[in-house]
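Commentary on secondary and tertiary structure
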Amino acid sequence: MGIGFSASLALHLVEEDQEEQERAARDVRWHRRRTVRSRRYPTHRVYRPRQSYLGMTEEQCLQQLRLSREAVTELCHLLNEDLQTQSTISTALPVAVKVTTALNFYAVGSFQASTDEQHQQQRTTHFYRVAGFPRVQGVIDCMCVAIRAPVHDAMAYMNHKGFYSINVQLVSDHQHRIMQVNAHFPGSSHSAFILRQSSVPALFEGEGSLEGWLLGDKEYPVQPWLMTPLRHPRTEAEHRYNEAHSKTRITVERTIGILKQRFRCLDRSRGALQYSPHKVSRMIIACCILHNFALQRGLTMEEEQNEESMVDQEPDSDDEESVERTTVQQGRLMRQALILDAFESCT
């Protein structure tokens, strides 16, 4: 009886999302027809290694996917008919890879295994080349996605610019790939508050954490794993730190600009989305997944500079008062040590 109920529930969920999936697939095909025509790909393309639960131990499955190997195998069997590709090309993704990628995102809020040592080193190396800022694992910011006035709790969705929205937190890597997204908070929520409620702090704390830090703007309180700019730099080293911080952190603003250009529904210039906050949240996450999918396939886009694609700046907040004083103090000490170590001796 329990199995029959689970099967009927799964069928109901598949039918509910089928229309949205088909629409997303049409969008991908339309974008590909529009973009690929003028693009010449190299004869031998290099694809990133694919991660599947089949190459994980039982412990790794439980830690990264929150399910046992047996449970993931059963899930693959249940979804095989829906996820099995009809393509005959060698680069088509197997069901096991698709399920592993989805479960990894649902479990930790990340699109890729971001704690992998090799990937960590690649990110810090590429970010360092931008402006000499060491040990950067990612850059973080928020963007507002306009929506119609919700039926319930409408004023909670009114942002500081005077329109209803969802405040979306994004963490980007050096290649504009979105490593983490949180699209569940109303427009009036401050960026620092969203960060505290998200899965991001856990990625830098405890065992198996990321080595290094994120870069965020002055809207965030400084933390041992989150470097923010100095509000009142005094020394030459502090000015160099702020300059390198700004040049590196702008990567996330470009990521947001590219994302909005790729999916115009996220840009307010096309009007507010006429759906419930819950549905818009799912649309935003789907757009982020498709954005990464497009980048993986080499479908890059040139960033457009316009008023709506720029990141919204929130009013200054004294949010450090609402964060534990101990971690803020530790963050300040870490930032000062970084300035002395990496920016004091610059010429």
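Conventions and cut-offs
- Residues numbered from 1 in each chain as written.
- Predicted model: local features only at pLDDT ≥ 70, side-chain atom pairs only at ≥ 80, totals over all residues.
- Heavy atoms only, no water.
- Phe/Tyr/Trp six-rings, centres within 6.5 Å; stacked < 30°, edge-to-face > 60°.
- Buried < 20%, exposed > 50% of the residue type's maximum accessible area, 1.4 Å probe, protein only.
- Lys NZ or Arg CZ within 6 Å of the ring centre and 35° of its normal.
- pLDDT = per-residue confidence, 0-100.
- Helix = DSSP H or I, 4+ residues; strand = E, 2+ residues; numbered from the N terminus.
- Contact = heavy atoms within 4.5 Å.
- Pairing = 2+ DSSP bridges.
- Axes fitted to C-alpha atoms, helices over the stretch in contact; angles between N-to-C directions.

1. Quick word on the packing of aromatic side chains
- Under the defined criterion, the tally for this structure stands at five aromatic pairs.
- Ring geometry for Phe185 against Phe193: centres 5.8 Å apart, planes inclined by 85°, an arrangement best described as edge-to-face.
- The exposure class assigned to Phe193 is partly exposed, which follows from its relative accessible area of 33%.
- An aromatic cluster is built from Phe133, Tyr241 and Phe343, whose rings are joined through pairwise contacts.
- Positioned above the aromatic ring of Phe163, the side-chain terminus of Arg268 is 4.0 Å from the ring centre.

2. Topic: the confidence of the model for the protein chain
- With 73% of its residues at a pLDDT of at least 70, the protein chain reaches an overall mean of 81.
- For the protein chain, helix 1 (residues 2-36) is the element with the lowest average pLDDT, namely 55, and strand 5 (residues 226-227) is the one with the highest, namely 98.
- Confidence over residues 1-14 falls short of pLDDT 50; this stretch has one contact with residues more than four positions distant or in other chains.
- A low-confidence stretch, residues 109-113 (pLDDT under 50), is modelled with 25 contacts involving residues beyond four sequence positions or located in other chains.

3. Some words on the sheet that holds strand 3 (residues 178-186)
- Strand order in the open sheet formed by five strands is 3-2-1-4-5, with mixed pairing between adjacent strands. Both edges of this open sheet fall to strand 3 and strand 5, since each of them pairs with a single strand only.
- The strands that helix 8 (residues 236-262) touches are strand 1 (136-146), strand 2 (165-172), strand 3, strand 4 (213-215) and strand 5; relative to strand 1, the one it contacts most, it runs at about 45°.

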